[in-house]
Amino acid sequence: VTSDLFERAERFALPDELRAADLIPFYLEFTDLEATRAKIGGRSVLMMGGLDYLGLSADPRVRQAAASAALGAGTSRTGSRLHCGSTPEQRAFETLIASFLGREDALVFASGYMAQSGLITALMDTDALLVLDERAHASILDGALVARCRVRRFAHNDPASLEQQLARGAGSATLVMVESLYSNEGDLAPLPEIRAICTRYGARLAVDEAHGLGVLGAAGRGLEEHFAMPGAIDVISGTFSKSLASVGGWIAGSRKVVDWIRFHGRPILFSAAISPASLAAAHRSLEILIAEPDLVARLQANSRRWRSLLIGAGVPLVKDPAGPLASVRIGDEKTCLIFSRRLLEAGVYANTVLHPSVPRGEAVIRTVVSSAHQESELTYAAEVFARLCHDLKVNGSVEPS
Ligand code: PMP
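Just so it is clear, the structure is predicted and the values come from calculations on it, not from any experiment.

Chemist: Could you give me a rundown of the pattern of salt bridges, with the residues and numbers involved?
Modeler: Side-chain pairs of opposite charge can arise whenever the charged atoms involved come near each other. Scanning the model with the defined rule gives 18 salt bridges in all. Note that Arg61 is salt-bridged to Asp59, the shortest N-O span being 2.9 Å. According to the relative accessible area criterion, Asp59 is buried, its value standing at 13%. One salt bridge connects Arg200 with Glu163, and the closest N-O pair in it is separated by 3.1 Å. With Arg200 in helix H9 (residues 191-201) and Glu163 in helix H8 (residues 159-168), this residue pair connects regions lying 37 residues apart in the sequence. Counted as one network, the salt bridges with shared partners bring together Arg81, Arg91, Glu94, Asp105, Asp259 and Arg262.

So, in structure tokens, the structure goes:
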């Protein structure tokens, strides 16, 4: 029990042995970001954890769009749209993404985290039931905490477990929410089974396409396109921070539902709108994605190549990857930090994913490919991973997805 709220903060110290060995990823300083390379602490590394799926963050057309918007429209919107009004650019983006996804309308947010919160706080109240995949992103759970709705979780990607939870909640207004491509596991939500169960129980279905937009389906429209089930999702959300090479978020759905969220989603009411530069970068990225579906094809070819290189080299993966995210199963957190340090020494950067992003003792090194990676880069990275798994005695078996 602490008597003073700052006491824990004042006692807090990062473990000396981690700090001394320079093992804490938070302190890595990135500069000179390009499509597949960056400098960390002044040294050039191969990015295998950039989440810039289509390589657009380095695209001069996207950078120029952001710069022109900042010069032309200013650096901030300074307030919420409720109080400070909207811009034609916000509406233009919403119209473009709605038509790309075959929806009547869409709404832009200042981050993906806020988009989840906006959707959930608008739709859910204290009587409503949110049924989530146990691995769904923290932003979804945080939205539920603000909405104070009832929450139940089902076993990851397990339709039978979803059905059990819905059977227990029969009679409540229910939203089922899943991710399309899971950010730490790299596997896909089984949309056909989930849709059928939601329909059977009269539940609405929301899907977070943070890692699906620009990644899944021939044109990059996401999970519905992947499974050839257009219109199967009731409301879709996503972020700008992956394929769209920016910072921001969005939801898309029917005109009525989007309108409701526009006037009831708390981040729209109480937080400043997205900056013109961030919006312009996402808009330009979406235009490029629509005009150049070949980028998506290249990403998918690189994803398959990376998967077979890792599996061929015996690198233990958490799941058989369904897309560009492949997580190496490490387990112990300290080993994971050492692994990431050794990777950097070999000139490769990947994401160190620890608790609370994953359960304790299930630390992973998450790797991400982009459409911009060259075959030689993937081959080199796979060799480094295989060597480190051998040296650090990281082993395990691939769990079939
Ligand atoms: N959903 C998922 C699945 C995510 O991985 C993330 C984090 N990138 C978010 C939502 C939140 O998005 P943002 O970073 O734009 O807040």
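What follows continues from the structure just given.
Chemist: Tell me about unusual backbone geometry, and please be specific about residues and values.
Modeler: Leave glycine aside and you will find that most residues have negative phi; peptide bonds, for their part, are mostly trans. Residues His355 and Pro356 are joined by a peptide bond in cis, for which omega reads 10°. By the secondary structure assignment, Pro356 is in the loop between strand E13 (351-353) and strand E14 (363-368). We note that Arg148 has phi near 55°; this positive angle belongs to a residue other than glycine. By the secondary structure assignment, Arg148 is in the loop between helix H7 (138-147) and strand E6 (150-154).

Chemist: Just give me the short version of the sheet that holds strand E9 (residues 235-239), but keep the residues and values in it.
Modeler: Taken together, seven strands build an open sheet; the order of strands is E4-E10-E9-E8-E7-E5-E6 and the sheet is mixed. The outermost strands of the open sheet, each flanked by one partner alone, are strand E4 (105-109) and E6. Neighbouring strand axes in the sheet, compared pairwise and without regard to direction, differ in orientation by 20° on average. Here H9 sits on the sheet in contact with strand E7 (174-179) and strand E8 (204-208), set at roughly 150° to E8.

Chemist: So what about the sheet that holds E14? Which residues, and what values?
Modeler: Read across the open sheet, the three strands follow the order E11-E14-E13; overall the sheet is antiparallel. Taken across any chain shown, the strands that pair with only one partner, and hence form the sheet edges, are strand E11 (325-331) and E13. Going from strand to strand, the sheet's axes swing by 25° on average, the running direction of each strand aside. Relative to E14, E11 runs antiparallel, the two being bridged by six bridges. Note that in E14 the partner of Ala326 across the bridge is Thr367. Of the strands in this sheet, E11, E13 and E14 touch helix H15 (residues 333-345), which is tilted by about 30° from E14.

Chemist: Mind laying out the side chain of Asp187, listing which residues take part and the relevant values?
Modeler: By the secondary structure assignment, Asp187 is in the loop between E7 and H9. No salt bridge is formed by the buried Asp187; its nearest oppositely charged neighbour, Lys319, is found at 4.0 Å. With residues near it in sequence (within four places) discarded, Asp187 still touches His156, Asn157, Ser180, Leu181, Tyr182, Lys319 and Ala322.

Chemist: Break down the packing of helix H6 (residues 112-123) against H7 for me, with residues and values.
Modeler: Taken N-terminus to C-terminus, the directions of H6 and H7 make an angle of 40°; their axes are 8 Å apart at the nearest point. As the angle between them shows, H6 and H7 are arranged oblique. The handedness of the crossing between H6 and H7 comes out as right-handed. Where H6 abuts H7, its residues Tyr113, Gln116, Ser117, Ile120 and Thr121 lie against Ser139, Ile140, Asp142, Gly143, Ala144, Val146 and Ala147. A per-class count over the contact of H6 with H7 returns six nonpolar, five polar and one charged.

Chemist: Give a description of helix H13 (residues 276-291) that names residues and reports values.
Modeler: With 16 residues, H13 should cover 22 Å at 1.5 Å per step; its first-to-last C-alpha distance of 22 Å lies within 8% of that length. Within H13 the residues assigned to the buried category are Pro276, Ser278, Leu279, Ala280, Ala281, Ala282, His283, Ser285, Leu286, Ile288 and Leu289. Buried residues in H13 make contact with helix H3 (60-73), helix H5 (88-100), E4 and helix H14 (294-312).

Chemist: Give a detailed account of the environment of Ala203, specifying residues and quantitative values.
Modeler: In this fold, Ala203 is placed in the loop between H9 and E8. Residue classification places Ala203 among the buried positions, given a relative accessible area of 4%. In the structure, Ala203 is positioned ten residues away from Glu193 in sequence and 13 Å away in space, judged by C-alpha atoms.

Rules used in this analysis
- Residues numbered from 1 in each chain as written.
- Predicted model: local features only at pLDDT ≥ 70, side-chain atom pairs only at ≥ 80, totals over all residues.
- Heavy atoms only, no water.
- Salt bridge = Lys/Arg side-chain N within 4 Å of Asp/Glu carboxyl O.
- Buried < 20%, exposed > 50% of the residue type's maximum accessible area, 1.4 Å probe, protein only.
- Helix = DSSP H or I, 4+ residues; strand = E, 2+ residues; numbered from the N terminus.
- Pairing = 2+ DSSP bridges.
- Axes fitted to C-alpha atoms, helices over the stretch in contact; angles between N-to-C directions.
- Contact = heavy atoms within 4.5 Å.
- Lys, Arg positive; Asp, Glu negative; His and termini not counted.
- Parallel < 35°, antiparallel > 145°, perpendicular 65-115°, else oblique.
- Left-handed = near helix turned anticlockwise from the far one by under 90°.
- Nonpolar A, V, L, I, M, F, W, Y, C, P; charged D, E, K, R; others polar.
- Expected span 1.5 Å × (residues − 1).

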